[in-house]
Amino acid sequence: MIFSTYEFVLLFFPITFFGYFVLHHYKLHSCAKLWLVLASFYFYAQGSPDFFPFFLGSVVGNYVIGNMLSKLQGSRYRFERGLVLTLGVLANCGLLGYYKYTDFFLMNINRLTGSRLQLLHIILPIGISFFTFQLIAFLVDSFRGETKNYDVLDYLLFITFFPQLIVGPIIHHAEIVPQFANPKNHHLIYQNVARGLFIFSIGCAKKMLVADPLTTDAQSFFNNITTDLPMLQSWFHSIEYTVSYYFDLSGYADMAIGLGCLFNISIPQNFNSPYKAKDFQEYWQRWHMTLSRFLGSYIFRNVYKKGTKYRNYYVATMATFLVSGFWHGAGWTFVAWGLINGALVCIASWRKKRGKDTPAWLGIPLTFLFAVLTRILFVSLNFRQSWQVFKGLFHVNSLNMPDFTAFLTDNWYNIALTFIGLGICWFLPTTKTIMDKYFKTDWKYLLYAAVLLAVCICNMDKVVQFLYFQF
């Protein structure tokens, strides 16, 4: 089940929403929490029914381990606490590794040894990469004594809250558990309902009206890579995919934030106009911000040590992006993508430390250009395919006026939509800025939301999966 479907908009969400607040209205606060947890379980089970028992076991198992870590505080339990944490992290990584990386390792063993081990073709459970990160963060913070022995309902709400369960934003227990416990959030707040619907409508429009048609067109190109690709098509579809990825993931984030707001829960911002960045260090401070926050807190800070040559900023950055690349996908193209992004971040940091600030007029287009080039590597099935696209970018001999005219005629809609998307990315404020500076609970914004939702609902018969479901 995804947000942009009739089943979600017309059935699941209204039933869940009204049931939650009706139970709170009658002071059945624990029942309201349980209702939301059960609804979230149902939501997940619709997407990965075969994996659901393992998901449930993982969630419960991590709660037990987290409680053990919270109780084993003090220097006398130092060894036991470290052992329990190690086992817990390994269990989470093992589950993720089995489902996401088994075939990858089998393929590489076959290549290195010449063996013919049978691939398992395991179906990747939806959202496993995202909730695994949240579970590991919970265990690490329990090890540090920061989880305060949350009761089981508070813990389950933190992990399973359906708006952020599958594709994030990746939330931290300290920012969401107190919100569910706050009595003020147990009542309908009409200001939040208005805000939530408006944010959800923007996210839905990003996803369905911009991302979906661009993604469908770009995927068609990348799924049919041949030799001697035309230069015009190579550039356009690479840019098109880069734009669609932003609108797809930021659209999902907006919908998740809007849904959270409807339940009086503030979910952290995940994007801040990343294509306005002047370099890649700034780009990763604006793109998928909650993922960057997690990697910074739990990977970078555990590698980096000031004043140590082999654990300095650049080493820690490369290690962090190596993990990021491998986390995104089971393939060497993802590893290369992560290392290239890490190198670009290091270059940006090195320049800034020497006072070499790139002006916006040059930095923004250059950063976007490298975002397009790295996106080719990200979406290609293998290095051979990405190499064909890179060669196509410089296939100057393929340019001629008849083909150019035919391309414009056949692709005018997607070309226009891509330029509109770029215009939104570069010149319009973010959803958060709109909400903070301009939004008012009046008829005008209600009309905007109603029109956007009506248009989206009329197109919900054309369901396109969110791109990050594959991660």
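Computed from a predicted model, the values in this text were never measured in an experiment.

Criteria and cut-off values
- Residues numbered from 1 in each chain as written.
- Predicted model: local features only at pLDDT ≥ 70, side-chain atom pairs only at ≥ 80, totals over all residues.
- Heavy atoms only, no water.
- Helix = DSSP H or I, 4+ residues; strand = E, 2+ residues; numbered from the N terminus.
- Rg over C-alpha atoms; globule rule 2.2 N^0.38 Å.
- Buried < 20%, exposed > 50% of the residue type's maximum accessible area, 1.4 Å probe, protein only.
- Contact = heavy atoms within 4.5 Å.
- Areas by Shrake-Rupley, 256 points an atom, 1.4 Å probe, with all protein chains shown as cover.
- Lys, Arg positive; Asp, Glu negative; His and termini not counted.
- Charge placed at Lys NZ, Arg CZ, Asp CG, Glu CD.
- Polar contact = N/O pair within 3.5 Å; in protein donor to acceptor, adjacent residues only side chain to side chain.
- Core = buried A, V, L, I, M, F, W, Y, C linked by side-chain atoms within 4.5 Å.
- Phe/Tyr/Trp six-rings, centres within 6.5 Å; stacked < 30°, edge-to-face > 60°.
- Lys NZ or Arg CZ within 6 Å of the ring centre and 35° of its normal.
- Salt bridge = Lys/Arg side-chain N within 4 Å of Asp/Glu carboxyl O.

## Re the overall build of the protein
No. 1: Summing up its helical and strand segments, the protein has 19 helices and zero strands in all.
No. 2: Taken over the C-alpha trace, the protein has a radius of gyration of 23 Å; the compact-globule value for 471 residues is 23 Å, and the two agree within 12%.
No. 3: Taken over the C-alpha atoms alone, the protein extends approximately 70 × 60 × 55 Å along its principal axes.
No. 4: Counting over 471 residues, the protein shows a buried share of 52%.
No. 5: Considering only intrachain contacts with a sequence separation of at least 6, the fraction spanning at least 24 residues in the protein is 75%.
No. 6: Element-wise, carbon and sulfur atoms account for 66% of the exposed surface of the protein, whose accessible area totals about 22200 Å².
No. 7: Measuring between centres, the 37 positive side-chain charges of the protein sit 12 Å from its 23 negative side-chain charges.

## Side note on the environment of Lys-305
No. 1: If you trace the backbone, Lys-305 turns up in the loop between helix H12 (289–303) and helix H13 (313–328).
No. 2: Separated by 156 residues in sequence, Lys-305 and Asp-461 have C-alpha atoms that sit 53 Å apart.

## A short note on the side chain of Ser-40
No. 1: Among the secondary structure elements, Ser-40 is positioned in helix H2 (residues 29–47).
No. 2: A polar contact is formed between the side chain of Ser-40 and the backbone nitrogen of Phe-162, at a distance of 3.2 Å.
No. 3: Non-local contacts of Ser-40, meaning those with residues more than four positions away in its chain, are made with Thr-160, Phe-161, Phe-162 and Leu-165.

## Some words on the nonpolar core
No. 1: In terms of nonpolar packing, the biggest core is built from 132 residues, with Phe-3, Phe-8, Phe-55, Tyr-155, Phe-162 and Phe-263 touching the most fellow members.
No. 2: Phe-263 has contacts with Phe-13, Thr-16, Phe-17, Tyr-20, Phe-21, Leu-36, Phe-161, Phe-162 and Asn-185, leaving out every residue within four places of it along the chain.

## What to know about the packing of aromatic side chains
No. 1: Taken as a whole, this structure holds 76 aromatic pairs when the rule is applied.
No. 2: Measuring from ring centre to ring centre gives 4.8 Å for Phe-138 and Tyr-155, while their planes differ by 50°; the resulting arrangement is tilted. In this pair, Phe-138 is assigned in helix H5 (residues 128–143) and Tyr-155 in helix H6 (residues 152–160), connecting sequence segments 17 residues apart. For the pair Phe-138 and Tyr-155, one class covers both residues: buried.
No. 3: The cationic tip of Arg-81 hangs over the ring face of Phe-143; the distance from NZ or CZ to the ring centre is 4.7 Å.
No. 4: Over the aromatic face of Phe-378 sits the side chain of Arg-375, whose NZ or CZ is 4.7 Å from the ring centroid.

## A look at the pattern of salt bridges
No. 1: Overall, the coordinates contain 10 salt bridges when judged by the stated rule.
No. 2: Linking Arg-144 and Asp-141 is a salt bridge whose minimum nitrogen-to-oxygen distance equals 3.6 Å.
No. 3: Close ionic contact of Lys-207 with Asp-212 constitutes a salt bridge, the shortest N to O distance being 2.8 Å.
No. 4: Judged by its relative accessible area of 0%, Lys-207 is buried.
No. 5: Take Asp-212: its relative accessible area is 6%, and that puts it in the buried class.

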